[in-house]
Protein chains: 2
Amino acid sequence: MSDQSKVLSKDELEAALRKIGAERYHSLHPFHKLLHGGELNKFQVQAWALNRYCYQAAIPRKDAAFMARCTERELRREWIHRIQDHDGDGVEEEGGIERWLALTTGLGINPEMVISTEKALPATRFAVEAYVDYVQKGTMVRAVASSLTELFAPKIHEERISGMLENYDFIDESVMKYFRRRLKQAPRDANFALKYVLEHATTAALQKDALDALTFKCNVLWSQLDALYLAYYSPAMIPPGAFREEDAN
Amino acid sequence: MSDQSKVLSKDELEAALRKIGAERYHSLHPFHKLLHGGELNKFQVQAWALNRYCYQAAIPRKDAAFMARCTERELRREWIHRIQDHDGDGVEEEGGIERWLALTTGLGINPEMVISTEKALPATRFAVEAYVDYVQKGTMVRAVASSLTELFAPKIHEERISGMLENYDFIDESVMKYFRRRLKQAPRDANFALKYVLEHATTAALQKDALDALTFKCNVLWSQLDALYLAYYSPAMIPPGAFREEDAN
């Protein structure tokens, strides 16, 4: 990926990371263009939301797995709010997972079915668990850098909010609160992680770790959309046991 | 999946396992029908062989991970030949991975590219690693039962050997030796594993583990073909970084 013999400046490393996003972030995937452009029917949007729930639900486990190997207290102190952002506290803050369930319930899917993840595509679960696994191995730079897709999230969330509200009569503001909230949360996380990576990736090997990790994470997101595209859009080949129209109430 | 309150007889459990195979084994996947029926071009067959290499190459790691938690010496003594079957000894026995490379090389793909697995679909790698991970968790019945897809392998191998030899002028007997050899190896392994599962899955919970494990493993195989179908057949959407026509040769 990068020339392993040369150490990049911070600016060069940041540019190389942003280039990966520009080429591989899942905003470029045809399924997202269909989703945001109003080209999907309600069942297809349900399938997307049900599958994407697996990812949302796994993020606090991913962050706990990261913290389990993090020996720097300062880093843990910063990282812990990611878990809280997604889990909420059950009192004042509902959290990202609850907000995602507001979307799936608003779409008319039984929340127990969503939470069980049993009807999700196996490919979704494999990709998500690969991410949980990834942060447990290799260098800390690699683990932190795998979260850098957040750098590119606000743009896709803005596109999603306006596109879905405009194009689907079964979507209203109340079910889009997950994305509104992430517009504020993601930049904070991304800026911290980027700063960490730029400061700590001081050798060619660590810089390669960072670039590889971001590529890996883009693959995790991309492959989930590939699986949705095949199963629910074209050629609409739903694998055995996965979410079908008769499961959608 | 099964009624958790009822303990099945050995015959009923075997029947339930075979039913999963009959409904979910990847012999039923449209990509295999295309492959065996001569409906793919050489590039598509290359993509299949290159991706499937990831699976082949991971099997000895999977079996070592299994043995790492296996406290019964008798079971390890039986299991170790699976690693040897795939790795060979470099002297008298080339092993399954080497035989798979004879196929990819015979198809004209650079073996270094194949071995690196860098051009494989991310979805392939996620599915394969999910299998390596799976045998490390849960009960031993679950870990053993995840190998039971071998019960259904001989039929697909026979179909593949005759179909591919007949339908593709770039396939000859010399590159099909992997499958010829597996015709003998797979039944031995499958019969042992089936006997183990039938003897040890003596509670409803363990029987559910066995059935779930076989379902999981069918998903591992199926999702690899889903990814190939989308990327290389229809709509032929190759994800960023994966094997492309210009990589072949």
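Keep in mind that this is a model prediction, so the values were computed, not measured.

Participant: Teacher, can you tell me more about the overall build of chain A here?
Facilitator: Helices and strands together make up the secondary structure of chain A, namely 11 helices and zero strands. Counted from the first residue to the last, chain A has its helices and strands arranged as α-α-α-α-α-α-α-α-α-α-α. A compact globule built from 249 residues should have a C-alpha radius of gyration of about 18 Å, and chain A, at 18 Å, falls within 12% of that. C-alpha extents for chain A along the principal axes are approximately 55 × 40 × 35 Å. Counting only residues that meet the buried cut, chain A has 46% of its 249 residues in that class. A sequence separation of at least 24 residues applies to 78% of the contacts in chain A between residues at least 6 apart.

Participant: For this particular structure, what's the right way to read the interface of chain B and chain A?
Facilitator: When the parts come together, some accessible area is lost, and that loss is often what is quoted as the size of the interface. Opposite the 22 residues of chain B that make contact, chain A presents 22 residues. Secondary structure elements with two or more residues in the side of chain B that touches chain A: helix H1 (10-24), helix H7 (122-134) and helix H11 (204-233) of chain B. Taken together, the residues of the side of chain B that touches chain A sort by class into 14 nonpolar, three polar and five charged.

Participant: When you look at helix H4 (residues 73-87) of chain B in this model, what are you seeing that I'm missing?
Facilitator: Along an α-helix, residues three or four positions apart point the same way, because every turn accommodates 3.6 residues. All names here are of chain B. For H4, spanning 15 residues, the distance from its first C-alpha to its last is 21 Å, which sits close to the expected 21 Å at 1.5 Å a residue. Among the residues of H4, Trp79, Arg82, Asp85 and His86 are the ones counted as buried. Looking at the buried side of H4, the elements it contacts are helix H3 (42-67), helix H5 (96-106) and helix H10 (177-200). Once H4 ends, the next one or two residues include Gly88, with phi positive near 65 degrees.

Participant: Sorry, what's going on with the nonpolar core here?
Facilitator: Buried together is how nonpolar side chains tend to be arranged in soluble globular proteins. Core analysis: the largest hydrophobic core is formed by 152 residues, its most contacted members being Val197 and Ala210 of chain A together with Val197 and Ala210 of chain B. Apart from the residues lying within four places of it in its own chain, the contact partners of Val197 of chain A are Val141, Val144, Ala145, Leu148 and Ala210 of chain A.

Participant: Just checking my understanding: could you explain the environment of Ile109 of chain A for this structure?
Facilitator: Tracing the chain through its elements places Ile109 of chain A in the loop between helix H5 (96-106) and helix H6 (111-116). Excluding residues that lie within four positions of it along the chain, Ile109 of chain A makes contacts with Gln46, Leu50, Thr104, Val114 and Ala248 of chain A.

Participant: Even after reading the chapter, I still don't get the packing of helix H11 (residues 204-233) of chain A against H11 of chain B, so can you show me in this structure?
Facilitator: In contact at an axis separation of 10 Å, H11 of chain A and H11 of chain B are set at 85 degrees when each is read in the N-to-C sense. Put simply, H11 of chain A runs roughly perpendicular to H11 of chain B. Two secondary-structure elements touch here, H11 of chain A through Asp226, Ala227, Tyr229 and Leu230 of chain A and H11 of chain B through Asp226, Ala227, Tyr229 and Leu230 of chain B. Residues of the contact of H11 of chain A with H11 of chain B, tallied by class, amount to six nonpolar, no polar and two charged.

Participant: Would you explain the packing of helix H7 (residues 122-134) of chain A against H11 of chain B in this entry?
Facilitator: For any two helices packed against each other, one specifies the inter-axial angle together with the distance between the axes. Interaxial distance between H7 of chain A and H11 of chain B falls to 9 Å at its minimum, and their mutual angle equals 100 degrees. Relative to H11 of chain B, the element H7 of chain A lies roughly perpendicular. For the pair H7 of chain A and H11 of chain B, the contacting residues are Pro122, Ala123 and Phe126 of chain A in the first and Asn219, Ser223, Asp226 and Ala227 of chain B in the second.

Participant: Explain unusual backbone geometry here, please?
Facilitator: For residues besides glycine, phi is generally negative; the peptide bonds are generally trans as well. The residue after Ser234 of chain A, namely Pro235 of chain A, is reached through a cis peptide bond having omega 5 degrees. When you line up the elements, Pro235 of chain A lands in the segment after H11. Despite not being glycine, Thr117 of chain B shows a phi value in the positive range, around 60 degrees. If you check the backbone angles, Ala236 of chain B has positive phi at about 60 degrees while not being a glycine. Here Ala236 of chain B lies in the segment after H11. Overall, Ala236 of chain B belongs to the exposed group, with 10 C-beta atoms counted inside 10 Å.

Participant: Mind showing me how you'd approach H7 of chain B here?
Facilitator: Look at H7 of chain B: 18 Å from first C-alpha to last across 13 residues, which is about the 18 Å you get at 1.5 Å a residue. Among the 13 residues of H7 of chain B, 11 are classified as buried, and the element is accordingly described as predominantly covered. Taken together, the buried positions of H7 of chain B are Pro122, Ala123, Thr124, Arg125, Phe126, Ala127, Val128, Glu129, Ala130, Tyr131 and Tyr134 of chain B. If you follow the buried residues of H7 of chain B, they end up packed against H7 and H11 of chain A together with H3 and H11 of chain B.

Participant: Got a minute to help me understand the environment of Gly38 of chain B in this structure?
Facilitator: Residue and element names in this part refer to chain B. When you line up the elements, Gly38 lands in the loop between helix H2 (30-36) and H3. Assessed through the 14 C-beta atoms surrounding it within 10 Å, Gly38 is described here as partly exposed. Sequence separation between Gly38 and Gly163 is 125 residues; the distance between their C-alpha atoms is 7.2 Å. Residues in contact with Gly38, not counting those within four places in the same chain, are Gly163, Asn167 and Tyr168.

Participant: Looking at this structure, how should I read the relation of the copies chain B and chain A?
Facilitator: Both copies of the chain are related by a screw-like operation: a rotation about an axis and a shift along it. With an RMSD of 0.0 Å, chain B superimposes on chain A once it is rotated by 180 degrees and translated 0.0 Å along the axis. Both chain copies can therefore be described as sitting about a two-fold axis. Of every C-alpha in chain B, the one belonging to Phe126 of chain B sits nearest the axis of rotation, 2.7 Å from it. Interface residue correspondence from chain B to chain A reaches 100%, placing this contact among same-surface, isologous pairings.

Participant: Looking at this structure, how should I read the environment of Leu103 of chain B?
Facilitator: All names here are of chain B. Note on placement: Leu103 falls in helix H5. With 58 residues separating them along the chain, Leu103 and Ile161 place their C-alpha atoms 12 Å apart. Sequence-distant contacts of Leu103, that is, excluding residues within four places in its chain, are made with Ala49, Val175 and Tyr178.

Cut-off values and rules
Think of each chain on its own: its residues are numbered from 1, step by step along the sequence as written. Here the convention is simple: chains get letters from A, ligands get numbers from 1, in the order in which they are written. Side-chain atom pairs in this predicted model are given and counted only at pLDDT of 80 or more, local residue features only at pLDDT of at least 70, and totals for whole chains, interfaces and linings cover all residues. Numbered from the N terminus, helices here are DSSP runs of H or I no shorter than four residues, and strands are runs of E no shorter than two. The globule rule used for comparison is 2.2 Å times the number of residues to the exponent 0.38, while the radius of gyration itself is calculated over C-alpha atoms. The burial label depends on the number of other C-beta atoms within 10 Å of a residue's C-beta. Counts of 20 or more mean buried, 12 or fewer mean exposed, and intermediate counts mean partly exposed, with C-beta atoms placed from the backbone. Here, residues touch in the contact sense if the C-beta positions derived from the backbone fall within 7 Å of one another. Here the nonpolar group is Ala, Val, Leu, Ile, Met, Phe, Trp, Tyr, Cys and Pro; Asp, Glu, Lys and Arg are the charged ones; every other residue, Gly included, is treated as polar. One less than the residue count of a helix, multiplied by 1.5 Å, gives the span that helix is expected to have. For our purposes the nonpolar core covers buried Ala, Val, Leu, Ile, Met, Phe, Trp, Tyr and Cys residues that link as a set through C-beta atoms within 7 Å. A fitted line through C-alpha atoms serves as each axis, taken over the contacting stretch for helices, and the angle formed by two N-to-C directions is quoted from 0 to 180°. To sort the angles, those under 35 degrees are grouped as roughly parallel, those over 145 as roughly antiparallel, those from 65 to 115 as roughly perpendicular, and the leftovers as oblique. In this comparison the copies share one frame, found by least squares on the C-alpha atoms of residues holding pLDDT of at least 70 in both.

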